[in-house]
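Chain residues, written in single-letter form:
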Amino acid sequence: MSTAMNFGSKTFKPRPPDKGSFPLDHFGECKAFKDAFMTCLSANRFDNSKCRLQSKDYLQCRMDNQLMAKEPFEKLGFKDMKESPAGHEDKDTKQ
């Protein structure tokens, strides 16, 4: 009986995904940046500290294509790195 009385009062409230949870890149909008990052990792024995620039470029691409929330790079662990100069992304995608 008590469940019948409470049934009408419960409503579903959607909430945004947890931080760090973001949509997959189904259309490959950032594939070139991901590939550059993965190539760098392979070349550096998976030492991600040597591939921070590629990682930053990949995150920038995801933010630009609304695949993740825009965040200042300082909050993403890139406080010590300067902003990428304009046109930098073009250089990385040609490989």
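Above this text sits the structure in question.
Remember, predicted model here, so these are calculated numbers, not experimental data.

**Student:** Please give an account of the pattern of salt bridges that cites residues and values.
**Tutor:** Scanning all chains against the criterion turns up four salt bridges. The salt bridge involving Asp35 is made with Lys31; its shortest N-O contact spans 2.9 Å. Of the two residues, Asp35 and Lys31 are both situated in helix α2 (residues 31-43); the distance of four residues between them amounts to about one turn of the helix. Residues participating in the shared-partner salt-bridge network are Lys31, Lys34 and Asp35.

**Student:** Could you give me a rundown of the packing of aromatic side chains, with the residues and numbers involved?
**Tutor:** Enumeration according to the criterion identifies one aromatic pair in this entry. Summarising the aromatic geometry, the rings of Phe73 and Phe78 are spaced 5.8 Å apart at their centres and angled 85° between planes, so their arrangement reads as edge-to-face. There is no split in this pair, since Phe73 and Phe78 are both buried. If you follow Lys56 out to its NZ or CZ, it ends over the ring of Phe73, 5.0 Å from the centre.

Reading the values: the criteria
Residues numbered from 1 in each chain as written. Predicted model: local features only at pLDDT ≥ 70, side-chain atom pairs only at ≥ 80, totals over all residues. Heavy atoms only, no water. Salt bridge = Lys/Arg side-chain N within 4 Å of Asp/Glu carboxyl O. Helix = DSSP H or I, 4+ residues; strand = E, 2+ residues; numbered from the N terminus. Phe/Tyr/Trp six-rings, centres within 6.5 Å; stacked < 30°, edge-to-face > 60°. Buried < 20%, exposed > 50% of the residue type's maximum accessible area, 1.4 Å probe, protein only. Lys NZ or Arg CZ within 6 Å of the ring centre and 35° of its normal.

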